[in-house]
Each structure stands twice: as structure tokens, then as C-alpha cells.
Amino acid sequence: MYSPNCLKYICWLWLLLLVSCVEPFEPKVLEGANNYLVVDGFINPSGTTTFRLSRTQNLSDESAPILETGASLVIEEQQGLQLQLTEIEAGTYTLNSLDLNLAGMYRLLVRTTDRKEYASDYVPVKQTPPIDEITWTAEDNTLQFYVSTHDPAQNARYYRWEYEGTWEYTAAFNSSLKYDAGSRQIVLRPESESLYRCWRTDASHEIKLATSVRLSEDVIHQFPVMALPPRSEELRFKYSLLVKQYSLTKEAYQYWEALKKNTESIGTLFDPLPTQLTGNIHCLTAPDEPVIGYVGASTVQEKRIFVSREQLPQGWLVTYPTCIMDTIKVEEVPAYFEKSHSYLPVGALYAPVGPPVLIGYLIAQNKCVDCRLRGTNVKPAFWQ
């Protein structure tokens, strides 16, 4: 029999051994000189089609993505129709106002500046059913959005969603002043040049998928599409969520599912292991060369919802970054603002006693005054 003190000593000893055995493990990642083409986009038969081309990089490479510029992209119908895309910015190619035959079969052809040619498989157009509704709940310290849809024809079955969140916010300080380089003075800022109130839109970065293949009906009910914590800046005034819905083929769904596992569900012993991505794009000039991407064709359904601050729990208080102001004397204004561009005037300072004599100005960092640094001061057309 062990005494209580002895048992306590043994327990502490085992705990010490367990802790001392835990060492950080950094697995070796195989890296090589890979430079494979990545194709991101889909064919929208009744709207705007956009594709982005880039190149693969090693995991340790922290540089910006390598964009594939100067390429030639063509949408080809199986019956022979060809439509050319235009590069609107580096690596981004688009074609507006498409009106394709929904019963046709289509593929993407790519020719890069190094004269390599790529082609996707011909794919049918999947017709996406409308979004029934977007709902939300404000429970458990989370604003959770859900999307519901159904297809009476039971032809969709496989779904993918993207979303864009837009919200209104303000700068920390409302400045009615600006520095005028012509007069070398601080003057009143016109209301049309206000930097106080802005709007920002962020796109989704997660892959949202669902399928109804195991259900008797083609119904998706309250799929959790995105969530926000209660102290988010997005919830200060009003938040708008635009959900975009796509119908996928089984093959496209399997590709997106594998991509989701490889990019989002990794990091612990219980997450699925990365798998080889098998898309439907092939290099015609070098058949053994891997190509990353899947080109599908699908109509798009959209729905927007608004949530105002008054609809949320009163205890949800938004946190803001700390901003402080400094001061500058009147006679220092020209030299200071012509040398430094990291501060903006906020307000005027007058002598504390006697008649109102201007003695200086309050100034603050640009990020605390100019809301455009994180968004736009142009009110979105859809804003209510």
C-alpha cells in the first residue's frame, strides 16, 4: 500500500514526464521547382464569366501569388462557337453579357505566352434553383446566417455558395479640415470630400458545400453559410450579406470537396489527410504536366439580406482600435504637412484665455481619420 503522500508524489512525477515528452514537431515538406497553372473560375452562361490564372508556389514561399498574364482564353461550345475573354487586370480575364444555350456543352481553352495550350473537358450547364431564404439567429454570442433552397425537379443535388458581406463604419475622428498645398494653410474640408463614413465589402474565403443526394427530396434547409462574433465592427450600424448559389455536377462537387479538405481541414491528427486534386483541365502540349482547377458551367442565383444594430442583442458591444490625437502649432503647419503625409488635421486649437486666437491644430494618424483606407466613402447603390 502506498501512503497518500507517496501517491501524490507518483502522480506529480508522471505528469512531469508527460509534459517533458511533448516536443514541437515540424514535418519536413517536400518542395520543388513547381510552376503549374492554376485556373480559378466557371462559365456563367447568362451573365459575366471571370477566370483568374496564376501559378503554384511552395508552402514556404511567402511572396505574392504569381499571376499568369498575357494569356488567351476562349470559351468553346461543342458545336463550334468560340468566345474570347479579355484581360481586365493582371491575371484576370472576363467576358460580359453571355447568353449561351443552356442545353449546350462548353469548355475553356487557354494559350499562355510560352505557347502552351490547355483545355478543360466539355461540361453541361447546371441550372441553379432560386434561394428560398436567408435567415439568421443571434444566439450563443454568434450572429449565424443560414441559406435554404430546394429544386422541385430534383436535378441540382450538389450545391456551392459564396458570399459578400458589406457594412457601414466610420473613422475614429470626424475631420472637417484639410491641408491645402496651394495656400499652404489648413482650410475647411467640403462635405463632398468627407472621410468619416465609409462602406466595406469582403468576399468569402471558405468553401461552402452541401448535397442532398442522401435525401428523398432535393432540399437544403438552413445550411450555415457564415457567422460573425458579437464584437465585430461589421455589426456597429448595419450589415448586408449577399449569398451566391451554384449548382454543381457530381465531379465538380468532388473536386471542391477535395480542395476544401486540402486547404481548410488540416492541422490536427483528426483532420483528413491532403489528397491529390484531380480537376478537369489538361495541358495539351505537355500531357504529363499537372494543372490545378476545375471548369464548370452553372447559372447563378443571388439573394441579399440586411441586419441592423437595433435587431441585435443590446449587450453586443463593438470594440474599436485605439486612436489618439497630437497637436501642432500654426506656424509649423506648412513645413510639417509638406514633409509628413502620415497625419491629417482634425480640429482647431484656440488660446485657453482671452479672445479666440488660433494657436494650433489637433492631428491624428491617417488611419484614424480617413475611412477610405479600408473601404469607400461612396454609398453602395443597394444600401438601404
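Residues numbered from 1 in each chain as written. Predicted model: local features only at pLDDT ≥ 70, side-chain atom pairs only at ≥ 80, totals over all residues. Heavy atoms only, no water.

Visitor: Would you mind going over the state of the cysteines with me for this structure?
Guide: Put plainly, two cysteines are in a disulfide when a covalent bond ties their sulfur atoms together. Under the criterion given, the structure shown has 2 disulfides. In this model C198 forms its disulfide with C371; the gap between the sulfur atoms is 2.0 Å. On the sign convention where negative is left-handed, the bridge of C198 and C371, at about 60° about the S-S bond, is right-handed. With a gap of 173 residues between them, C198 in strand β16 (residues 197–203) and C371 in the segment after α4 (366–369) connect regions that are remote in the sequence. The exposure class of C198 is buried, given its relative accessible area of 0%. In this structure C371 comes out as buried when scored by relative accessible area, which is 2%. With a sulfur-sulfur separation of 2.1 Å, C323 is cross-linked through a disulfide to C368. Across the S-S bond linking C323 and C368, the dihedral sits near -85°, which makes this disulfide left-handed. You can see C323 sitting in the loop between β22 (300–308) and β23 (326–329) and its partner C368 sitting in helix α4, a full 45 residues away along the chain. Taking only the cysteines that form disulfides and numbering them from first to last, the chain has the pattern 1-4, 2-3. (Disulfide = S-S within 2.5 Å. Helix = DSSP H or I, 4+ residues; strand = E, 2+ residues; numbered from the N terminus. Buried < 20%, exposed > 50% of the residue type's maximum accessible area, 1.4 Å probe, protein only.)

Visitor: In this structure, what is going on with helix α2 (residues 250–263)? I would like to understand it.
Guide: Quick reminder: α-helices carry 3.6 residues per turn. Residues three or four places apart thus point the same way. End to end, α2 covers 20 Å across 14 residues, agreeing with the expected 20 Å (1.5 Å per residue, within 8%). All of the buried residues in α2 are A252, Y253, Y255, W256, A258, L259 and N262. Packed against the buried residues of α2 are β13 (158–170), β17 (208–211) and β19 (238–248). (Expected span 1.5 Å × (residues − 1). Contact = heavy atoms within 4.5 Å.)

Visitor: Please clarify how the confidence of the model for the chain should be interpreted in this entry.
Guide: Close inspection of predicted coordinates is inappropriate for parts of the model with low pLDDT. When the pLDDT values of the chain are averaged, the result is 90; 88% of them are 70 or greater. A low-confidence stretch, residues 10–22 stays under pLDDT 50, and its non-local contacts, those more than four residues away or across chains, total 1 contact. (pLDDT = per-residue confidence, 0-100.)

Visitor: What am I meant to see in the sheet that holds strand β12 (residues 142–150) here?
Guide: The strands that make up a sheet are held in pairs by hydrogen bonds between backbone atoms, and each pair lies either parallel or antiparallel. Strand order in the open sheet made by the 3 strands is β11-β12-β18, with antiparallel pairing throughout. Edge positions in the sheet fall to β11 (131–139) and β18 (219–228), since each has one partner strand and no second. Put simply, the sheet's adjacent strands are angled 25° from each other on average, direction ignored. With 8 bridges joining them, β11 and β12 adopt antiparallel strand pairing. Across the sheet, the residue bridging to T137 is Q144, located in β12. (Pairing = 2+ DSSP bridges. Axes fitted to C-alpha atoms, helices over the stretch in contact; angles between N-to-C directions.)

Visitor: Where do I start with the pattern of salt bridges in this structure?
Guide: Pairing is possible between side chains that carry opposite charge, provided their charged atoms lie close to one another. The final tally for this structure, using the stated rule, is 14 salt bridges. One salt bridge in this structure joins K208 and E206, with 3.5 Å as the shortest N-O distance. (Salt bridge = Lys/Arg side-chain N within 4 Å of Asp/Glu carboxyl O.)

Visitor: What am I meant to see in the pairing of strand β15 (residues 185–188) here?
Guide: Looking along a regular strand, one sees side chains alternate from face to face of the sheet. By the bridge criterion, 4 bridges tie strand β14 (residues 177–180) to β15 in an arrangement that is antiparallel. Across the sheet, the residue bridging to K178 is V187, located in β15.

Visitor: Just to check I follow, could you spell out the pairing of β12 for this structure?
Guide: Most of β12 is tucked away: 7 of the 9 residues are buried. Connecting the antiparallel pair β11 and β12 is a turn made up of 2 residues, with D140 showing a positive phi of about 55°.

Visitor: Hey, could you run me through the sheet that holds strand β24 (residues 343–350) in this one?
Guide: Read from one edge of the open sheet, 3 strands run β23-β25-β24, paired in antiparallel fashion. The open sheet is flanked by β23 and β24, the only strands paired with a single partner. Taken pair by pair, the neighbouring strands of this sheet meet at an average axis angle of 35°, ignoring direction. Inspection of the sheet shows β24 paired to strand β25 (residues 358–365) by 7 bridges, in the antiparallel sense. Bridging across to β25, G347 finds its partner in L362.

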